[in-house]
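# Summary of structural features
Here are the chains, one letter per residue:
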Amino acid sequence: MSFPEKFQDVLKEWAPALVVPLSLYVAYKLLNRIIPGAHNLPKLDVKNKVVVITGASSGLGKSLAFELYKRGAQVILLARSTDKLKEICEELKETFPLNQNEPIYYYFDITDPEQAPWAEIPRVDILINNAGMANRGSCADTTMAIHRQAMETNYFGHVHVTNALLPKLSPDGCIVVTSSVQGKVAIPYRGSYGASKHALQGYFDCLRAEHKNLHILVVSAGYINTGFGSRAIDPSGKVVGVEDENQKKGYTPEHCARLIANAIRDRKTDYIMAHADARFAVFLKYFWPTLLNYALYIRGTKDQWAPKNKKE
């Protein structure tokens, strides 16, 4: 029997089983086109668009600046380290001379809104809320000061930025939130971080629901190899200074920047940017939560911040 004949036989055998899922998928795509919302806006070309990025001096924020500037955007970079921002702007112009938009930077501390440069930014097409901090330690050991610091940086700061720039956002613009899978599934010994990311997810889900066509993209990121974990603070407020092994195995920030830029273009609204195990954990959260809870408990017993594993 020739290959075409074998293929035809296999197709005849499996065709009935494929009809239902394919029909459901086609129906979903058609109905999704009927439902109003930002997902039906035209694709977003970032060329000559004004893009504001917080936390732009390093890591994912820096990579997003390069990726979007490469695609022709005008970038406005915000962070506390103006020396680094100045270097990034110079490097952008040298690396991508065809982009005639002048990259701009301003000092900005997300926990100090009084210093915000909003008067200098007349228009925004894409706002990327990217600044953040992480913590390590048990919920019981973490002080209220650390809990509040995490909320100020990871939640209240982004709410302030968004509220300040929302009136300046173009009608077909986009708000991007670089959140975390931990905004959907909390893991042990990251309590302040997980709580702040859950709050972030809830706020932007609510804001999206209050507007018919406001494009909000929440990126639930998995591990990204940026050194972010080494800058986390322990229950006493000290920087841990050691990177997680899982973090080292994460996506590169350059790869993540490309994925996010594509998600902006394609008008995605809730994007899980993580490996399959993290995606499966989100699935279990809704369909088998007891199994997920036990799996997370087992994971926690192996964590370096578990009581039996802590090094004094």
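Procedures and definitions
Residues numbered from 1 in each chain as written. Predicted model: local features only at pLDDT ≥ 70, side-chain atom pairs only at ≥ 80, totals over all residues. Heavy atoms only, no water. Phe/Tyr/Trp six-rings, centres within 6.5 Å; stacked < 30°, edge-to-face > 60°. Helix = DSSP H or I, 4+ residues; strand = E, 2+ residues; numbered from the N terminus. UniProt positions renumbered as here; feature names shortened; annotations may be inferred. Expected span 1.5 Å × (residues − 1). Buried < 20%, exposed > 50% of the residue type's maximum accessible area, 1.4 Å probe, protein only. Arc of directions from axis to C-beta. Contact = heavy atoms within 4.5 Å. Pairing = 2+ DSSP bridges. Axes fitted to C-alpha atoms, helices over the stretch in contact; angles between N-to-C directions. Salt bridge = Lys/Arg side-chain N within 4 Å of Asp/Glu carboxyl O.

## Comments concerning the packing of aromatic side chains
- Taken as a whole, this structure holds 10 aromatic pairs when the rule is applied.
- Measuring from ring centre to ring centre gives 6.1 Å for Y193 and F228, while their planes differ by 55°; the resulting arrangement is tilted. In this pair, Y193 is assigned in helix α5 (residues 191-209) and F228 in the loop between β6 (215-221) and α6 (245-248), connecting sequence segments 35 residues apart.
- Centroid distance Y203 to F204: 5.1 Å. Interplanar angle 90°. Geometry classified as edge-to-face.

## Re the UniProt feature "domain: Rhodanese" (unreviewed entry) in the protein chain
- With numbering aligned to this structure, UniProt lists the feature "domain: Rhodanese" (unreviewed entry) at residues 35-94.
- Between the C-alpha atoms that bound residues 35-94 there is a distance of 44 Å. The span itself is 42% helix and 18% strand.

## Some remarks on helix α9 (residues 289-301)
- Spanning 13 residues, α9 covers 19 Å between terminal C-alpha atoms, matching the ideal 18 Å at 1.5 Å per step.
- Restricting attention to buried positions, one finds in α9 the residues L292, L296 and G300. Along α9, the residues classed as buried sweep out an arc of 75° about the axis, all on the same side. Along α9, the residues that are exposed and aim more than 90 degrees away from the buried face are T290, Y294 and Y297.
- Buried-residue contacts for α9 involve α8 (276-287).

## Notes on the sheet that holds strand β7 (residues 270-273)
- If you walk across this open sheet you meet the seven strands as β3-β2-β1-β4-β5-β6-β7, and the pairing is parallel. Single-partner strands in this sheet number two, and they are β3 (104-107) and β7. Strand-to-strand twist of the sheet, defined as the mean angle between neighbouring strand axes without regard to direction, takes the value 15°.
- The pairing of strand β2 (residues 74-79) with β3 spans four bridges and is parallel. Bridging across to β3, L78 finds its partner in Y106.

## Topic: the pattern of salt bridges
- This structure, assessed with the given rule, holds 13 salt bridges.
- Across the pair E67 and R71 runs a salt bridge, and its minimum N-O distance is 2.8 Å.
- Judged by its relative accessible area of 27%, R71 is partly exposed.
- Of the charged contacts, one joins R136 and D244 as a salt bridge, the two residues approaching to 2.7 Å between their closest N and O atoms. Of this pair, R136 sits in the loop between β4 (124-129) and α4 (144-165) while D244 is found in the loop between β6 and α6, placing the two residues 108 residues apart along the sequence. Take R136 and D244: they sit in the same class, and that class is buried.

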